[in-house]
Amino acid sequence: MFKIDNVLNIIEDHEYEFKEIRGGNPRNAIKSNVAEYATSFLNNQGGRILYGITDDRKVKGFTANASLIDEIKQAIYSSIREIQPQISANHYQIEFHSVYDKDSEVIEDLYVLEVIVPPSFDKRAVYFENGKNLHIRVDGVKQQLKGTEISSFIQGKLLEI
């Protein structure tokens, strides 16, 4: 249960990423980075992105009505379709969790969004955001690899098997 302003007892690590949504349209904020984080989790061992949680683990949520929730889902699926090699959309899970007040009453139209990225079926696969950017997950941080880092990462993946 996500209670407003409560601090979660989990930290950002190889499995969790917290993203606060400030002002503006949550659809745009989520669409702008969901593929990067999904790619980093696919290149690791899977993970979860929690939108509506601050970096200091505080539950803030974001406001969304039914129409906006639908737009957000479409934006997420559109973004993750750009990941190469492609993985079926049903590989991912998208869950909108209600946010509760201090008295455990639901706060209407306030949500925490959880995007669950399971581990890849193919342990040898290397996933690229937009077919060109390689992201990995390292101790709670997403990093984009460049140049020789990419070939080292790919070699390491192949040697693991």
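These notes cover the structure that comes with them.

Thresholds, definitions, all that
- Residues numbered from 1 in each chain as written.
- Predicted model: local features only at pLDDT ≥ 70, side-chain atom pairs only at ≥ 80, totals over all residues.
- Heavy atoms only, no water.
- 1 Å grid on protein atoms, 1.4 Å probe; cavity = no way out; pocket = protein on both sides within 12 Å on 5 of 7 lines; lining within 4 Å.
- Points joined across faces, edges and corners; volume = space filled by probe spheres on them.
- Nonpolar A, V, L, I, M, F, W, Y, C, P; charged D, E, K, R; others polar.
- Phe/Tyr/Trp six-rings, centres within 6.5 Å; stacked < 30°, edge-to-face > 60°.
- Helix = DSSP H or I, 4+ residues; strand = E, 2+ residues; numbered from the N terminus.
- Buried < 20%, exposed > 50% of the residue type's maximum accessible area, 1.4 Å probe, protein only.
- Salt bridge = Lys/Arg side-chain N within 4 Å of Asp/Glu carboxyl O.
- Polar contact = N/O pair within 3.5 Å; in protein donor to acceptor, adjacent residues only side chain to side chain.
- Contact = heavy atoms within 4.5 Å.
- Core = buried A, V, L, I, M, F, W, Y, C linked by side-chain atoms within 4.5 Å.

In this model, the largest pocket occupies a volume close to 170 Å³. Every residue along the wall of the largest pocket is listed here: L42, N43, N44, Q45, P119, S120, D122, K123, K157 and E160. Counted by class, the lining of the largest pocket contains two nonpolar, four polar and four charged residues.

The next point concerns the packing of aromatic side chains. If you walk through the whole model with that rule in mind, you get two aromatic pairs. Measuring from centroid to centroid gives 6.5 Å for F62 and F96, while their planes differ by 65 degrees, and the two rings are edge-to-face. Pair noted here: F62 is in strand 4 (residues 62-63) and F96 is in strand 5 (residues 93-100), with a separation of 34 residues, a long-range link. As far as burial versus exposure is concerned, F62 and F96 are alike and both buried. Ring plane angle 90 degrees and centroid distance 6.0 Å describe the contact between F96 and Y111, whose orientation is recorded as edge-to-face. Here the residue F96 occupies a position in strand 5, and Y111 occupies one in strand 6 (residues 106-117), the gap between them amounting to 15 residues. The pair F96 / Y111 is uniform in exposure class, with both members buried. Among the aromatic residues, those joined into a cluster by ring pairs are F62, F96 and Y111.

This part is about the pattern of salt bridges. The tally for this structure, following the rule as stated, stands at seven salt bridges. With a shortest N-O distance of 3.7 Å, D122 and R124 are connected by a salt bridge.

Here the focus is the side chain of N43. With respect to the secondary-structure elements, N43 resides in the loop between helix 2 (34-42) and strand 3 (47-51). A polar contact of 2.8 Å, which involves the side chain of N43, links it to the backbone nitrogen of Y127. In contact with N43, not counting residues within four places along its chain, are A125, V126, Y127, L134, H135, I136, F153 and K157.

Moving on to the nonpolar core. A general tendency of soluble globular proteins is for nonpolar side chains to be buried together. Of all hydrophobic cores here, the largest spans 28 residues; its most connected members are I30, Y51, F62 and L113. Put simply, the parts of the chain that give this core at least two residues each are helix 2, strand 3, helix 3 (66-80), strand 5 and strand 6. Take this core: its biggest share by element is six residues, from helix 2. Ignoring any residue separated from it by four or fewer positions in sequence, one finds Y51 in contact with K19, I21, I30, N33, V34, F62, Y111, V112, L113 and V115. Grouped together as the second largest cluster of nonpolar side chains are 11 residues, I4, L8, I53 and V59 included.

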